[in-house]
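# Working through the structure, step by step
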Amino acid sequence: MRLLTTGFNSAYWNMSVDEAILETVASNAVEPTLRFYGWQPHAISIGYFQGIEEEVDREACKRMDIDIVRRITGGGAVFHADELTYSIVIPETHYLACHDILKSYESILQGVINGFNELGLQAEFAPINDIIINNKKVSGNAQTRKYGCILQHGTILISVEPETMFTLLKVPNEKLKGKLIADIKERVTSIRALLGTSVSFESVQKSFIQGFARLLKEPLIEGSLTHEELERARILQETKFGTEAWNNKRL
Amino acid sequence: MAQSKTYTFTGKGKGSKLLRLKLTTEQPITKDSIIQDIAINGDFFAHPEDAFDELEQYLIGKPVRDIGFWFTKGIDLFKLTVYGLLPEDLTAAVEVMVSQGDC
């Protein structure tokens, strides 16, 4: 499996690269790919089925220089700040891919659980798409299937500022239903909060590379985006993820 | 001619993801009202994602009371896989809309 560590980039570029990789893996031009990345500037991504006005305080985002992008995957809105993000693209015939969506989340997320384990943290899968530690969310994930491939991407919270997060996101109290948590700000935690010490992006990335390496039957081979992927990502950024038409869908 | 109004609902069925439903019908909404426009937004998953947009269009013209039935038909018709949103969630949402009316 190809391993990419693409560092910090804008929300528009990050989503464009994930889709470009999906297309190139689907066309067999590159190996199945595991990518790790960060977000600069900080950003909010909303799920494909969300309306930007319903989920995000756009004025607050503007004041704080926070980009907003719509993902091609479903799920909820996410504030991307001090976190490691991964994406994995595999054919639907890959051994980690199951026809059953929940099972495929679970099999891929074992790599993320292993990554937390590398840091000394015991994490567990919380269906449909979360990873929790001590009953608090520490990773949210989203998956789509296109062109015979699965794209799954997800966040791994290194540190979290609930006040900022919930200033930018409009999270209704209904979201807590069934979660036995009184205050929505108590719903999330982070590696830093759990370890009681600060950890670098690079060291967290290393742990999660090891976590996925333990899961995979094939070796992880460091690579880079191909010329075609870079070109396709540029086009997607210009014509899709960086456009008002895409980001303002489902108003 | 009756005026149209967009009704909204935000809520979550047991085991489901957050649903934000926007429904435009004649005013006041009743179980027999016809869906003039609809946006089913939320945290759920469905793929192919763009087929879900077609499913929403398919629900236009259908009576509010049968939204769950037509949603299920649409899932089959457009070969959708949906996670975190059930037909019952939509039925429950429109029941709340109807019971609250123009309150």
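Use the structure listed above.
The notes below deal with the structure included here. (Residues numbered from 1 in each chain as written. Chains lettered and ligands numbered in written order. Predicted model: local features only at pLDDT ≥ 70, side-chain atom pairs only at ≥ 80, totals over all residues.)

### Comments concerning the interface of chain A and chain B
How large an interface is tends to be reported as the accessible area lost when its parts come together. The criterion, for reference: Working definition of a contact: two residues with C-beta atoms, positioned from the backbone, lying within 7 Å. Each residue gets one of three labels, nonpolar for Ala, Val, Leu, Ile, Met, Phe, Trp, Tyr, Cys and Pro, charged for Asp, Glu, Lys and Arg, and polar for the others, Gly among them.
Counting residues at the interface gives 20 residues for chain A and 19 residues for chain B. Its residues assigned to classes, the side of chain A that touches chain B comprises six nonpolar, eight polar and six charged.

### Details of the sheet that holds strand β1 (residues 2-9) of chain A
Residue and element names in this part refer to chain A. Our working definition: At least two bridges found by DSSP between two strands is the condition for calling them paired. Only DSSP runs of H or I reaching four residues or more are called helices, and only runs of E reaching two or more are called strands; each is numbered from the N terminus. To get an axis, a line is fitted to the C-alpha atoms, and for a helix only the part in contact is used. The angle between two axes follows their N-to-C directions and goes from 0 to 180 degrees.
What the eight strands build is an open sheet, ordered β7-β8-β9-β10-β6-β2-β1-β11; its pairing is mixed. Where the open sheet ends on each side, the last strands, each with one partner, are β7 (124-126) and β11 (221-222). Here four bridges tie strand β8 (residues 130-133) to strand β9 (residues 136-146), and the two strands are oriented antiparallel to one another. From the neighbouring strand, Ile132 faces β9, where its bridge partner is Lys137. Strand contacts of helix α4 (residues 101-118): β6 (83-91), β7, β8, β9 and β10 (149-157), with the helix running at about 135 degrees to β9, the strand carrying the most contacts.

### Considerations on the environment of Leu3 of chain A
Position of Leu3 of chain A among the secondary structure elements: in strand β1. Separated by 149 residues in sequence, Leu3 of chain A and Gln152 of chain A have C-alpha atoms that sit 15 Å apart.

### Describing helix α1 (residues 11-26) of chain A
For clarity, the cut-off: Expected helix span is computed as 1.5 Å times (number of residues minus one). With C-beta atoms placed from the backbone, a residue counts as buried when 20 or more other C-beta atoms lie within 10 Å of its own, as exposed when 12 or fewer do, and as partly exposed for counts between those limits.
Taking 1.5 Å as the rise per residue, α1 of chain A with 16 residues should run 22 Å; its terminal C-alpha atoms sit 23 Å apart, in good agreement. Counting buried residues along α1 of chain A, 15 of its 16 residues qualify, which places the element largely inside the surrounding structure.

### As for the sheet that holds strand β2 (residues 18-26) of chain B
Residue and element names in this part refer to chain B. Reading across from one edge, β1-β2-β3 is the order of the three strands in this open sheet, with antiparallel pairing throughout. On the outer flanks of this sheet lie β1 (4-12) and β3 (37-42), each paired with one strand and no other. Each strand of the sheet is rotated relative to its neighbour by a mean of 15 degrees, with strand direction disregarded. Note that β1 and β2 share nine bridges and pair antiparallel. For Gly11, the partnering residue across the bridge sits in β2 and is Leu19.

### Overview of the pairing of strand β2 (residues 33-39) of chain A
All names here are of chain A. Our working rule: Orient the strands so they point away from the viewer, and a crossover whose first-strand-to-second-strand path over the helix runs clockwise is right-handed.
Burial analysis of β2 places seven of its seven residues in the buried class, the great majority of the element. Of the two faces of β2, the one lined by Thr33, Arg35, Tyr37 and Trp39 and the one lined by Leu34, Phe36 and Gly38 are each fully buried. Both β1 and β2 contribute to a ladder of six bridges, which runs parallel. Within the sheet, the bridge partner assigned to Leu4 lies in β2 and is Arg35. As for the winding sense of the linkage, the β-α-β connection from β1 through α1 to β2 is right-handed. Here β2 runs beside β6; their pairing, made up of five bridges, is antiparallel. Within β6, the position partnered with Arg35 by the bridge is Ser87.

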